[in-house]
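One-letter residues, chain by chain:
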Amino acid sequence: MRRITYAGENVLTTDDVARVLVELTAELAKRGEAAAVRVPIDPEGTAELVVGLGNDVLSVPVAWEGDDPDFDGSELEAHLARVRPTPERHLRAVEGYSEPDDGYDPDYDITEA
């Protein structure tokens with residue numbers, strides 16, 4: 001279990017939910033965005049918070065007796081899937097021409113870097 005500190009309040013959630021919450025917060029902050037999310041917390045409740053740019057989330061381990069609650073983190077996973085950036089493709093020209101007006105028709109080999 002992990003303790004999430006947000007806006008001076010503490011809540012408990014599972015390791016997986018905490019991990020996704022921190023990753024989501026970081027991804028949104030990189031984009032300069034924020035989003036409202038609902039996080040499953042113990043005991044059998046939810047917390048609604050805004051994560052992303054300007055919102056600090058701290059996740060620390062906490063001693064826990066017994067089994068971890070079976071929380072559904074699918075809503076957070078869906079948020080994270082929507083905001084994770086797709087890999088950018090970097091293209092580069094590997095052949096070109098030497099004289100600008102020599103009538104040479106350049107044959108560029110464009111490959112992914």
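Our structure is the block above this text.
Just so we're clear, the structure is a prediction, and the values are computed from it rather than from any experiment.

*Asks:* Go over the overall build of the chain, please, and point to the residues and values.
*Replies:* Counting its regular elements, the chain contains two helices and seven strands. Counting from the amino terminus, the chain carries its helices and strands in the arrangement β-β-α-β-β-β-α-β-β. In the chain, of all internal contacts separated by at least 6 residues, the share reaching a separation of at least 24 is 52%.

*Asks:* Help me get a handle on a negative patch on the surface, residues and values and all.
*Replies:* Together, Asp15, Asp16, Asp67 and Asp68 give the surface a local cluster of negative charge. Take Asp67: its relative accessible area is 72%, and that puts it in the exposed class.

*Asks:* Could you give me a rundown of the sheet that holds strand 5 (residues 58–61), with the residues and numbers involved?
*Replies:* Across the sheet, which stays open at both edges, the three strands sit in the order 2-1-5 with antiparallel pairing between neighbours. Whereas interior strands pair on both sides, the edge strands pair on one side only; in this sheet they are strand 2 (9–13) and strand 5. For this sheet, the mean angle separating the axes of adjacent strands, direction not counted, is 25 degrees. Along the sheet, helix 1 (residues 15–31) contacts strand 1 (2–6), strand 2 and strand 5; its crossing angle with strand 1, the most-contacted strand, is approximately 35 degrees.

*Asks:* Before we move on, can you summarise the pattern of salt bridges with the specific residues and values?
*Replies:* In this structure the tally under the stated criterion is four salt bridges. Across the pair Arg19 and Glu77 runs a salt bridge, and its minimum N-O distance is 3.7 Å. Note that Arg19 is positioned in helix 1 and Glu77 in helix 2 (residues 74–83), a separation of 58 residues in sequence. We classify Glu77 as partly exposed; its relative accessible area is 36%. With its nearest N and O atoms 3.5 Å apart, the salt bridge here joins Glu27 to Lys30.

*Asks:* Can you break down the side chain of Asn55 residue by residue, with the values?
*Replies:* Within the secondary structure, Asn55 sits in the loop between strand 4 (45–52) and strand 5. The buried category is assigned to Asn55, whose relative accessible area is 18%. Once residues within four sequence positions are removed from consideration, Asn55 is found in contact with Tyr6, Thr25, Ala34 and Val50.

*Asks:* Could you give an account of unusual backbone geometry, naming the residues involved and the relevant values?
*Replies:* Its identity is not glycine, yet Ala7 carries a phi of approximately 50 degrees, on the positive side. With respect to the helices, strands and loops of the structure, Ala7 is situated in the loop between strand 1 and strand 2.

*Asks:* Hey, could you go over the environment of Leu76 for me, with residue numbers and the actual values?
*Replies:* Of note, Leu76 is situated in helix 2. Look at Leu76 and you get buried, because its relative accessible area is 1%. Sequence separation between Leu76 and Arg38 is 38 residues; the distance between their C-alpha atoms is 7.6 Å. Filtering out sequence-adjacent residues up to four positions away, Leu76 remains in contact with Val17, Val20, Leu21, Leu24, Val37, Arg38 and Val39.

*Asks:* So what's going on with helix 1? Residues and values would help.
*Replies:* Between the first and last C-alpha of helix 1 there are 25 Å, a value that for 17 residues agrees with the 24 Å anticipated at 1.5 Å per step. Within helix 1, burial applies to Val17, Ala18, Val20, Leu21, Leu24, Thr25, Glu27 and Leu28. Phi turns positive, to about 75 degrees, at Gly32, one or two residues after helix 1.

Calculation rules
- Along each chain, residues carry numbers from 1 onward, in the same order as the chain's sequence is written.
- Thresholds applied to this predicted model are a pLDDT of at least 70 for local features of residues and 80 or more for the giving and counting of side-chain atom pairs; totals over whole chains, interfaces and linings are not thresholded and use all residues.
- Hydrogens and water are ignored here; the side-chain numbers use all heavy atoms of the structure.
- Numbering of helices and strands runs from the N terminus, with a helix taken as a DSSP run of H or I at least four residues long and a strand as a DSSP run of E at least two residues long.
- Any two residues having at least one pair of non-hydrogen atoms within 4.5 Å are treated as being in contact.
- Each patch is built from residues that are more than 30% exposed by relative accessible area and take part in no salt bridge. Like charges join if they lie within 9 Å; nonpolar side chains (Val, Leu, Ile, Met, Phe, Trp, Tyr) join within 5 Å.
- The protein chains shown are the only cover counted for residues, whose accessible areas, like all others here, come from Shrake-Rupley with a 1.4 Å probe.
- Salt-bridge detection follows one rule: a side-chain nitrogen of Lys or Arg within 4 Å of a carboxyl oxygen of Asp or Glu.
- In this tally Asp and Glu are treated as negative and Lys and Arg as positive; neither His nor the chain ends contributes.
- Throughout, a charge is located at the NZ atom of Lys, the CZ atom of Arg, the CG atom of Asp or the CD atom of Glu.
- Buried residues are those whose accessible area, probed at 1.4 Å on protein chains only, stays under 20% of the maximum for their type, while exposed residues exceed 50% and partly exposed ones sit between those limits.
- By definition, two strands form a pair when at least two bridges between them are found by DSSP.
- Interaxial angles span 0 to 180 degrees and are taken between N-to-C directions of axes, which are lines fitted to C-alpha atoms, for helices over the stretch in contact.
- Here the expected length of a helix is defined as 1.5 Å per residue gap, with one fewer gap than residues.

From the geometry alone we can't say anything about function, so treat these as descriptive.
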